[in-house]
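So you can see what is in the structure, the chains are spelled out below.
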Amino acid sequence: MGTIISIIIGCLSVGVILSAPMGPIGVLVIQRTMEKGRKSGLYTGLGAAVSDLFYCLLAGLGLSFVTDFITHNQELFQIGGSIILIVFALFMILRNPIKRPKHDDEVKINYTHDATTGFFLTLSNPLIIFLIFPLFARFGFPSSEFKFYHYIIGYVFIVAGALLWWTTITYVVDKLRAKFNINSMWLINKIMGSIIMILAIYGLISGILQYFALI
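Residues numbered from 1 in each chain as written. Predicted model: local features only at pLDDT ≥ 70, side-chain atom pairs only at ≥ 80, totals over all residues. Heavy atoms only, no water.

## Concerning the environment of valine 173
We apply this condition: Strands here mean DSSP runs of E at least two residues long; helices mean DSSP runs of H or I at least four residues long; both are numbered from the N terminus. Relative accessibility thresholds used throughout: buried, under 20% of the residue-type maximum; exposed, over 50%; partly exposed, between the two (1.4 Å probe, protein chains only). Whether two residues touch is decided by their heavy atoms; if any such pair falls within 4.5 Å, the residues are in contact.
Along the polypeptide, valine 173 turns up in helix H8 (residues 148-177). Exposure remark for valine 173: the relative accessible area of 10% places this residue in the buried category. Once residues lying within four places of it in the same chain are set aside, the contact partners of valine 173 are Ile30, Thr33 and Met34.

## What to know about the packing of helix H2 (residues 24-36) against helix H6 (residues 111-123)
If you want to describe how two helices pack, look at the angle between their axes and the distance between the axes. Here is the rule we go by: What counts as an axis is a line fitted to C-alpha atoms, over the stretch in contact for a helix, and the angles between N-to-C directions run from 0 to 180 degrees. We call two directions roughly parallel when the angle between them is under 35 degrees, roughly antiparallel when it is over 145, roughly perpendicular when it lies between 65 and 115, and oblique otherwise. We call a crossing left-handed when the near helix sits turned anticlockwise from the far one by less than a right angle, and right-handed when that turn is clockwise. Gly is placed with the polar residues, together with every amino acid not listed as nonpolar (Ala, Val, Leu, Ile, Met, Phe, Trp, Tyr, Cys and Pro) or charged (Asp, Glu, Lys and Arg).
H6 packs onto H2 with a crossing angle of 165° between their chain directions and a minimal axis gap of 10 Å. Classified by the interaxial angle, the pair formed by H2 and H6 is roughly antiparallel. The handedness of the crossing between H2 and H6 comes out as right-handed. Contact residues: H2 offers Pro24, Ile25, Leu28, Arg32 and Lys36, while H6 offers His113, Asp114, Thr117, Gly118, Leu121 and Thr122. A breakdown of the residues in the contact of H2 with H6 according to their chemical character gives four nonpolar, four polar and three charged.

## Some points on helix H5 (residues 74-94)
Given 3.6 residues per helical turn, the α-helix brings residues three or four places apart onto the same face. This is how it is decided: One fewer than the residue count of a helix, multiplied by 1.5 Å, yields its expected span.
The terminal C-alpha atoms of H5, which comprises 21 residues, lie 30 Å apart, in line with the 30 Å expected from a rise of 1.5 Å per residue. Buried within H5 are the following residues: Glu75, Gln78, Ile79, Gly81, Ser82, Leu85, Ile86, Phe88, Ala89, Met92 and Ile93.

## Comments concerning the pattern of salt bridges
Quick note on the threshold: Here, a salt bridge means any Lys or Arg side-chain nitrogen found within 4 Å of an Asp or Glu carboxyl oxygen.
Following the criterion strictly, the structure yields two salt bridges and no others. The shortest N-O distance in the salt bridge between arginine 32 and aspartate 114 comes to 3.6 Å. Residue arginine 32 is located in helix H2, and its partner aspartate 114 is located in helix H6; the two are separated by 82 residues in the primary sequence. Judged by relative accessible area, which is 0%, aspartate 114 ranks as buried. Between aspartate 114 and lysine 36 there is a salt bridge, with the nearest N and O atoms lying 2.9 Å from each other.

## Let's talk about the confidence of the model for the protein chain
Put simply, the test is: What pLDDT expresses is the predictor's confidence in each residue, scored from 0 to 100.
Per-residue confidence for the protein chain gives a mean pLDDT of 81; residues scoring 70 or more make up 85%. Confidence scores differ between elements of the protein chain, with helix H4 (residues 64-72) showing the lowest mean pLDDT of 67 and helix H3 (residues 38-60) the highest of 92. When the criterion is pLDDT under 50, residues 100-106 qualifies, and its contacts beyond four places in sequence or with other chains add up to nine contacts.

## What to know about helix H1 (residues 2-19)
The criterion, for reference: Directions are taken from the helix axis to each C-beta atom, and the arc is the one they span.
Helix length check: H1, at 18 residues, gives a terminal C-alpha distance of 26 Å against a target of 26 Å (1.5 Å per residue), a fit within 8%. Those residues of H1 not exposed but buried are Ile7, Gly10, Cys11, Val14, Gly15, Leu18 and Ser19. Looking straight down H1, one finds its buried side chains confined to an arc of 160°; they lie on one side. Facing away from the buried side of H1, by more than 90 degrees, are the exposed residues Gly2 and Ile9.

Listed below in structure tokens is the structure:
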């Protein structure tokens, strides 16, 4: 029982820590919660959590050929992921929510789209695997002493930790949402998009410099 409790606490912590940094996906979750409501933001976070789980499985199952490939090509991955983020940021900045209906029940909401974009936006940054390794080492997961059900419990609670984080964030943002009108949403879109753009440009320049430094 002590082992299971340790796994639950450790993997919950891993899920929260992987989700907590306010990167592009965090900005997107906040933006969608503000514009379309809590469920939209939560589904976006769910997509991100599934992507985090995918990378945790790669790291935990010891798929060294995948992690080695990511390690040896991390600069190219950083460049590619940054380009994707720049395109995404431009879409957010140029999109005008003022043209959208003002009532929540008239806003076209597609939760599958929200979850899918959250998944692929997070998937575009495989460098997260370099955060997973030290977290696994810190919390002793996985271990050669574990049985099969220990792994199941661990990975389930990694997702649970991520969802706990996104549930908390979307709850807080949704409570603040009532204070903003549609013109405020337009400004928020531009601010959020600009933040993602700055992060993406920094990542692109950093990746290019590192790539040419290795040539």
